[in-house]
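What the coordinates show
Single-letter residue listing:
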Amino acid sequence: MSEEYTYHRAHGLKTRLLTREDYQKLLQTKTLEEVIDYLIKINYDEELSKLPREELTVPRIEKVLMQNWVNHVYLLYSTATVGELRNLIYSYARVFEVENLKKIILWKAKRKPFRKEDLQYLIPIPRRLATINFEALAKTRDLKQLIDYLELTIYGENLKNALEKYEETKQVLFFEKALEESYREVMFKTTLRLSGTEKELTERYYKTRFILKNLMVIFVLKSAGYTQKEIRELIIPFRGDELLKKVLKAKTTQESLKILSSAKYWKMMETAAEEYEKTREIGFIEDTVTRALENLAIELMEKDYFGIGFLFGYLILKEIEIQNLVKIINSKARGLSVKEKIIF
Amino acid sequence: MSSLTGKVKPTKGALLALKKRREYVKGANELLKHKRESLAKELRKLVGEMTKNREKLEETLSKAYSAILNAYITWGETEIECIAETNAGALEVNVKPKNLMGVFIPEIKLVEKEEITHPLSPIKLKKPVEEMSKALKESIKVGVLEAKIEKLAVSLSEVNRKVNAIDKIIIPEYDKAIKYISEKLEEQELEEFFRTKKVKRIIERKEAVK
C-alpha cells in the first residue's frame, strides 16, 4: 500500500458522500422514521440496520453518525503506510479527542461527576487513533487531577496554563482555547515535516479553520461587551493575520462588518454577522463558517485532485455531511423544517 | 324571634350595652369595607399586571423554545444534553412575605446564579441560555403574581363574607334585639303608667267616698 492507495480510498469514499438529490429527498421526508429508512437505503445501512428500530433514538443515531465519521478517518489512517501521511491523518484525528476533552472538562469545571453512562456523550474513537483513555479520565476526582493526568500529552502544557486562568476568572472558554491551541500546534508540527504543495495545502486547511473559529469567538465576545484585551486572551493565538487583527481592533460590530466586507474571501461572513446582530443566534455564524469550509474543501480538491488536497477536502465534506444529518434528524424528530440550515 | 333577641334581657342596661356593641360592630364593618376596597383595588391592579406579564411570558417562552430548538437542530441532542447535564440545576429564590392590610402575600426574588446568566458558558448556548433565563424570571414573576392573586382573592372573599354577615345578619339582629328591648321597655313603661294612673284613680275614688 502507498500514499496513492490512501488518496484512491479517499476518492472512493467521496463517491459515498450524500448527493444533492439525497439531501432533497431527506428534506422532503416528514418523520424521523422516513429519514432512518432513507439512510438505511443509502450509505448508513451497515450501522443503522444492525440496531433494533426502537433503539434508534436521536442521540443513538447521532452516535452512529459520529462513529461513521470516525470509522472513515480510521479507514484512511489504516491504509496510509507512508509515515508523513499517516502522521497527518493521526494528527487530524485529534479533533475527536479535543471535542471529547471539551465535554469532560466542562463537566469537571461544573463539579459534576462523570458517570459511566455519561460516556455516551463522547465520540467513540478507535484505540489505535486515541492517545487518551477517556474512561480513566472521566474517573478523575476534579479538574486539577484531570489536568495532571493529561500532563504528558500534547494538551498538558496549554491546559495547565488554562487552569490558572480559569481559577482566576471561572471562564471555561480558556480550556476550549487551550485544547484548540494544542490541536493547532500538533497540526503545525506535522506540517513542518511536509514540503511543497502538501505543506501549502495542509497549512491552508488548518489556518483557515482556526481563523474562522477565532472570527466566530470574536464576534460573540464583542457583542457580549468583552474588551479587546479580554478577547485576545480567549482566542487561539494567531500571527500575521491582518484581517483578524483589524476585526479585533474594531470598536463596534458595525466597524468589524465593514472590515469583513472589504475582504474578498470573507464576504459571506457579512450576511451572517448582520443576522447575528439581529437575532444573537450563533448558529448563523457557525453555518457561514461551515459554508466557508465547504468552499475551502472544493478549492483544496480542485488544486490537488490526486493528493493531500483531495484528502482534506473529503474530510471536510464528510464532517459537513455529519453536521447536516444531525440537523436533519433533530429537525424531523421535532417536526420542524431545516432547509435553510443544510449546506450542500 | 332571633337567637340574640331570645338571649337578652329586656333591661335598660342591656339596651345600652347592645347599642354600644352595635356601634362597635358598625365601626368594625366600616374598617372591613375599607379593607375590602383596598384588597379589591390591589387585586384589580394585580390582575392587570398579570395579563401583561402573561403575554410577556408567552412571548419570552416562545423565543426561548425557538432558541432551544434551534440549538438542538444546529448542534444535536447529544451535544446539548451533555452541556445541560453540567448545569447544577439548583435555583435559589428568596421568599419574603409582604403584609397588605393584614394579608401576607409572597414576594419572591430569584437569586442570580452564574451558571444561568453567564454569557459564555458555553458559547454555543449563549442565546438559548439567555432566553431561557429571561423566561424563567418571567415565569417566576407570573407565579408570584398568581400566588398573590390567589391569596388576595381568598382574603377578599373572607372579608366579603364577614361584611355581608355583619350587614345582613349581625347588625339586623342587633337592630331587632334593640327594637325588641325598646318595645318591651316601652310596654313596661306604659304598663307602669297605667298602673300608676289606675292606683291614682283608686286612691282618688277612696278619698272621695270618705
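The text that follows walks through the structure, step by step, so that each part is easy to find. Every residue gets a number counted from 1 within its own chain, in the order that chain's sequence is written. Going through the entries in the order they are written, you letter the chains from A and number the ligands from 1. Given that this is a predicted model, residues contribute local features only at a pLDDT of at least 70 and side-chain atom pairs are listed and counted only at 80 or more, while totals for whole chains, interfaces and linings are drawn from all residues. Hydrogens and water are ignored here; the side-chain numbers use all heavy atoms of the structure.

**Some remarks on the overall build of chain B**
Helix numbering and strand numbering both begin at the N terminus, where a helix is a DSSP run of H or I of at least 4 residues and a strand a DSSP run of E of at least 2. Helix and strand content of chain B: 5 helices and 2 strands. Secondary structure elements of chain B occur, N-terminal to C-terminal, as α-α-α-β-β-α-α. Relative to the 2.2 N^0.38 estimate, which gives 17 Å for 210 residues, the radius of gyration of chain B is 35 Å and therefore markedly larger than a compact globule would have. Along the first, second and third principal axes, the C-alpha set of chain B runs to 130 × 25 × 20 Å. Split into buried and exposed, the 210 residues of chain B put 35% on the buried side. Contact criterion: two residues are considered in contact whenever any of their non-hydrogen atoms come within 4.5 Å of each other. Here the analysis covers contacts within chain B between residues at least 6 apart in sequence; of these, 78% occur between residues at least 24 apart. Side chains of chain B give 44 positive and 34 negative charges; the mean places of these two sets differ by 12 Å. The reference for a compact globule is 2.2 Å times residues^0.38; the radius of gyration itself is calculated from the C-alpha atoms. Exposure classes here rest on a 1.4 Å probe applied to the protein chains alone. A residue is buried below 20% of its type maximum, exposed above 50%, and partly exposed in between. Here the positive residues are Lys and Arg and the negative ones are Asp and Glu; neither His nor the chain ends is included. Here the site of a charge means atom NZ of a Lys, CZ of an Arg, CG of an Asp or CD of a Glu.

**What about the interface of chain A and chain B?**
Listed by partner, the interface residues are 36 residues for chain A and 27 residues for chain B. Across the chain A/chain B interface, buried area totals approximately 3000 Å², and carbon plus sulfur atoms make up 62% of it. Notably, a salt bridge pairs A:Lys103 with B:Glu79, separated by 3.3 Å at the nearest N-O pair. By the criterion applied in these results, polar contacts are pairs of N or O atoms within 3.5 Å in which, for protein atoms, one can donate a hydrogen and the other can accept it, and in which residues neighboring in sequence qualify only through two side-chain atoms. Summed over the shared surface of chain A and chain B, the result is 6 residue pairs in polar contact (both at pLDDT 80 or more). Where the side of chain A that touches chain B is concerned, the elements lending two or more residues are helix H5 (58-79), helix H7 (94-109), helix H11 (173-192), helix H12 (196-223), helix H16 (267-279), helix H17 (282-303) and helix H18 (308-333) of chain A. Broken down by element, the side of chain A that touches chain B gets its largest block of residues, 4 residues, from H18(A). Looking at side-chain class alone, the side of chain A that touches chain B contains 17 nonpolar, 6 polar and 13 charged residues. Two parts placed together each lose some accessible area under a 1.4 Å probe, and the buried area is that loss summed for both. We count a salt bridge whenever a side-chain nitrogen from Lys or Arg sits within 4 Å of a carboxyl oxygen from Asp or Glu. When residues are sorted by character, Ala, Val, Leu, Ile, Met, Phe, Trp, Tyr, Cys and Pro go into the nonpolar class, Asp, Glu, Lys and Arg into the charged class, and all the rest, Gly among them, into the polar class.

**Quick word on helix H3 (residues 77-85) of chain B**
Within the sequence span of H3(B), burial applies to B:Glu77, B:Thr78, B:Glu79, B:Ile80, B:Cys82 and B:Ile83. As for H3(B), its buried residues are in contact with H5, H7 and H18 of chain A together with helix H2 (12-75) of chain B.

**Notes on the packing of H5(A) against H3(B)**
The axes used here are C-alpha line fits, helices contributing only the stretch in contact, and every angle between their N-to-C directions lies in the interval 0 to 180 degrees. Running from N to C, H5(A) and H3(B) point in directions that differ by 115°, and their axes come no closer than 8 Å. Taken together, the axis directions place H5(A) and H3(B) in an arrangement best described as roughly perpendicular. Two secondary-structure elements touch here, H5(A) through A:Val58, A:Pro59 and A:Glu62 and H3(B) through B:Glu77, B:Thr78 and B:Glu79. Residues belonging to the contact of H5(A) with H3(B) are distributed by class as follows: 2 nonpolar, 1 polar and 3 charged. The cut-offs work like this: below 35 degrees is roughly parallel, past 145 is roughly antiparallel, 65 to 115 is roughly perpendicular, and the gaps in between are oblique.

**Notes on H7(A)**
All names here are of chain A. The span expected for a helix works out to 1.5 Å for each residue beyond the first. Here H7 spans 22 Å end to end across 16 residues, near enough to the 22 Å set by a 1.5 Å rise per residue. When you tally the buried positions in H7, you get 15 out of 16 residues, the bulk of the element. One or two residues past the end of H7 sits arginine 111, with phi positive at roughly 55°.

**Examining the pattern of salt bridges**
Residue and element names in this part refer to chain A. For the structure on display, the rule yields 28 salt bridges over all chains. In this structure, arginine 94 and glutamate 97 form a salt bridge, with 2.8 Å as the shortest nitrogen-oxygen distance. One end of the pair is arginine 94 and the other is glutamate 97, both in helix H7 and 3 residues apart, which spans about a single turn. Both residues of the pair, arginine 94 and glutamate 97, belong to the buried class. Each of Glu99, Lys102, Glu180 and Lys213 takes part in one network of salt bridges that share partners.

**Overview of the packing of aromatic side chains**
Residues and elements named next belong to chain A. Aromatic rings from Phe, Tyr and Trp, taking only the six-membered ring of Trp, are treated as a pair when their centres fall within 6.5 Å; an angle between ring planes under 30 degrees marks them as stacked, one over 60 as edge-to-face, and anything in between as tilted. According to the stated counting rule, one finds 13 aromatic pairs over all chains in the structure shown. Here tryptophan 107 and tyrosine 121 contribute two aromatic rings whose centre-to-centre distance is 5.9 Å and whose plane-to-plane angle is 40°, an arrangement assigned as tilted. With tryptophan 107 in helix H7 and tyrosine 121 in the loop between H7 and helix H8 (134-138), this pair connects stretches of sequence that are 14 residues apart. One cation-aromatic arrangement involves arginine 86 over tyrosine 77; the distance from NZ or CZ to the ring centre is 4.3 Å. Note on criteria: charge over ring means Lys NZ or Arg CZ within 6 Å of the ring centre, with the direction from the centre no more than 35 degrees off the ring normal. Over the aromatic face of tyrosine 90 sits the side chain of arginine 94, whose NZ or CZ is 4.2 Å from the ring centroid.

**A short note on the pairing of strand S2 (residues 103-111) of chain B**
One face of the sheet, then the other: side chains in a regular strand alternate in exactly this way. All names here are of chain B. Any two strands with at least two DSSP bridges between them are considered paired. The sheet contact formed by strand S1 (residues 92-100) and S2 spans 9 bridges and is antiparallel. Bridge pairing in S2 places valine 93 opposite leucine 110. Where S1 hands over to S2, the hairpin turn is made up of 2 residues, of which methionine 101 adopts a positive phi near 50°.

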